[in-house]
Amino acid sequence: MTGESGFQAQTRRQLLTKIGVLAGSAGLYQAMTSMGHAMGTDFKSPPKLSGAKPGTRVVVLGAGLAGLLAAYELRQAGYAVRLLEFQNRAGGRNISLHDGDTVTELGGATQMVGFSPGTYINPGPWRIPYHHQGLLYYCRKFGVALEPFIQLNHNAWLHSSQTYGGKRLRYREFAADFSGYTAELLARAINQHRLDDIVTPEERAHVLSSVATWANLDDDGVWRAGARSSQHRGYDKARGAGMDGAPTFSTPAPRAEVMASGLAQWLAFPE
């Protein structure tokens with residue numbers, strides 16, 4: 001809407017989007033925290049509601065998580081609560097779809113779920129961050145089944161028909177090669193005094209040591225096939241016991257191929 005000054009009010013989503021574009025992820029996270037949408041709270045226990053007058057009735061609009069919990073706590077405090085929901089189910093954006101389920105979009109399109117037995121998808125929120133203590137408290141209280149959310153699988157496959165001759169490779173292999181070559185270039189720049197304007201002589205040895213340790217570089221600061229790189233990217237044959245227990249080291253892909261592959265865009269943010 002537009003006020004008397006002609007300024008058009010923005011939605012919360014539009015405002016946060018612009019903050020993210022201008023200030024980056026750190027600025028966006030800080031803004032969301034200030035608005036109560038990001039960082040966890042110091043939740044210790046649910047609110048202690050009391051003082052309900054006999055016969056007092058409350059109507060809660062919407063059976064999403066907020067509405068359900070509001071209705072529950074108000075009833076615990078002695079209020080007579082009626083919960084109204086537009087959809088034919090509770091949960092709001094929280095929904096799990098299993099084989100045989102049917103879901104109708106707001107535009108009227110209907111989807112029939114045809115998953116294999118035991119497979120499901122959460123088309124709304126996927127995970128509960130560890131610091132959302134309030135939500136986790138109610139999950140425990142009501143016996144909501146939880147399972148681990150694997151956010152990064154180093155054994156997953158990466159594949160592009162345009163690189164590596166169409167050959168797939170493990171996520172860990174590419175991630176190790178990318179960080180290894182990046183660290184090697186940084187170590188080389190430091191050794192050639194190309195970063196003397198930002199790395200002091202006192203820092204130089206510490207930065208080189210940290211970079212080499214982070215990426216498992218060899219003692220000379222190079223990313224190459226060997227024991228250290230294979231610990232990071234995996235072995236062609238893992239170490240074992242017995243006469244044939246020696247491992248076979250894996251060979252990093254050429255640096256030019258790693259950097260030109262474009263696969264770095266798929267490195268997850270935990271990296």
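Below: a short report on this structure. (Residues numbered from 1 in each chain as written. Predicted model: local features only at pLDDT ≥ 70, side-chain atom pairs only at ≥ 80, totals over all residues. Heavy atoms only, no water.)

**What about a nonpolar patch on the surface?**
Logical step 1: Taken together, I128, F142, V144 and L146 make up a surface patch of nonpolar side chains, about 350 Å² in accessible area.
Logical step 2: When you line up the elements, V144 lands in the loop between helix 3 (133-142) and strand 7 (157-158). (Patch = residues over 30% accessible without salt bridge, like charges linked within 9 Å, V, L, I, M, F, W, Y side chains within 5 Å. Areas by Shrake-Rupley, 256 points an atom, 1.4 Å probe, with all protein chains shown as cover. Salt bridge = Lys/Arg side-chain N within 4 Å of Asp/Glu carboxyl O. Helix = DSSP H or I, 4+ residues; strand = E, 2+ residues; numbered from the N terminus.)

**Points about the packing of helix 4 (residues 171-191) against helix 5 (residues 201-215)**
Logical step 1: The N-to-C vectors of helix 4 and helix 5 enclose an angle of 165°; their axes lie 9 Å apart at closest approach. For the element pair helix 4 / helix 5, the angle class is roughly antiparallel. Of the two possible hands of crossing, helix 4 and helix 5 adopt the one that is left-handed. Residue-level contacts link S179, G180, A183, L186, A187, I190 and N191 of helix 4 to R204, V207, L208, V211, W214 and A215 of helix 5. (Axes fitted to C-alpha atoms, helices over the stretch in contact; angles between N-to-C directions. Parallel < 35°, antiparallel > 145°, perpendicular 65-115°, else oblique. Left-handed = near helix turned anticlockwise from the far one by under 90°. Contact = heavy atoms within 4.5 Å.)

**Concerning the layout of surface pockets**
Over the atoms, a rolled probe matching the size of one water molecule traces out where space is still vacant.
Logical step 1: Size it by volume and the second largest pocket reaches roughly 500 Å³.
Logical step 2: Along the wall of the second largest pocket there are 20 residues; nearest its centre are Q87, R89, I95, V103 and T104.
Logical step 3: Top contributing element to the lining of the second largest pocket by residue count: strand 4 (residues 102-104), with 3 residues.
Logical step 4: Tallied by class, residues from the lining of the second largest pocket come to 9 nonpolar, 7 polar and 4 charged. (1 Å grid on protein atoms, 1.4 Å probe; cavity = no way out; pocket = protein on both sides within 12 Å on 5 of 7 lines; lining within 4 Å. Points joined across faces, edges and corners; volume = space filled by probe spheres on them. Nonpolar A, V, L, I, M, F, W, Y, C, P; charged D, E, K, R; others polar.)

**Regarding the packing of aromatic side chains**
Logical step 1: Inspection of every chain in the model, using the stated rule, returns 6 aromatic pairs.
Logical step 2: On the numbers, 6.0 Å between centres and 25° between planes, the contact of F174 with F178 is stacked. Within this pair, F174 and its partner F178 are both found in helix 4, separated by 4 residues, close to a single helical turn.
Logical step 3: Above the ring of W157, the side-chain terminus of R168 is found at 3.7 Å from the ring centroid.
Logical step 4: In this structure, R170 packs its charged tip against the face of W157, placed 3.7 Å from the ring centre. (Phe/Tyr/Trp six-rings, centres within 6.5 Å; stacked < 30°, edge-to-face > 60°. Lys NZ or Arg CZ within 6 Å of the ring centre and 35° of its normal.)

**A closer look at the environment of F142**
Logical step 1: Here F142 is to be found in helix 3.
Logical step 2: Residues contacting F142, with those up to four places away along its chain left out, are L69 and Y72.

**Focus: the pairing of strand 1 (residues 57-61)**
Logical step 1: As defined by bridge partners, strand 1 adjoins strand 2 (residues 80-84) across 5 bridges and the pair is classed as parallel. Looking across to strand 2, one finds that V59 is bridged to R82.
Logical step 2: The handedness of the strand 1 to strand 2 crossover, carried by helix 2 (residues 65-76), is right-handed. (Pairing = 2+ DSSP bridges. Right-handed = clockwise from strand over helix to strand, strands pointing away.)

**Remarks on the nonpolar core**
Logical step 1: Residues L158, Y164, L169, F174, L217, V258 and L263 are the most contacted members of the largest nonpolar core, which totals 19 residues.
Logical step 2: Where this core is concerned, the elements lending two or more residues are helix 4 and helix 5.
Logical step 3: Broken down by element, this core gets its largest block of residues, 8 residues, from helix 4.
Logical step 4: Those residues in contact with Y164 that sit more than four places away from it in its chain are L169, F174, A253, E257, V258, S261 and L263. (Core = buried A, V, L, I, M, F, W, Y, C linked by side-chain atoms within 4.5 Å. Buried < 20%, exposed > 50% of the residue type's maximum accessible area, 1.4 Å probe, protein only.)

**Here's the deal with helix 5**
Helical geometry note: an α-helix holds 3.6 residues per turn, so side chains three or four residues apart project in the same direction.
Logical step 1: Taking 1.5 Å per residue as the helical rise, helix 5 with its 15 residues ought to reach 21 Å, and the 22 Å between its terminal C-alpha atoms agrees with that figure.
Logical step 2: Within helix 5 the residues assigned to the buried category are L208, V211 and A215. In a view along the axis of helix 5, the buried residues occupy a sector of 70°, so they form one face of it. In helix 5, the exposed positions that point more than 90 degrees away from the buried face belong to E202, A205, H206 and T213.
Logical step 3: One or two residues past the end of helix 5 sits N216, with phi positive at roughly 60°. (Expected span 1.5 Å × (residues − 1). Arc of directions from axis to C-beta.)

**Quick notes on the pattern of salt bridges**
Logical step 1: Summed over all chains, the structure comprises 5 salt bridges.
Logical step 2: R228 is paired through a salt bridge with D219; the nearest N and O atoms lie 2.8 Å apart.
Logical step 3: Using a relative accessible area of 35% as the deciding quantity, one classes R228 as partly exposed.
Logical step 4: Salt bridges sharing partners connect three or more residues here, namely D218, D220 and R224.

**A short note on helix 4**
Logical step 1: Look at helix 4: 30 Å from first C-alpha to last across 21 residues, which is about the 30 Å you get at 1.5 Å a residue.
Logical step 2: Downstream of helix 4 by one or two residues, H193 has phi in the positive range, about 60°.

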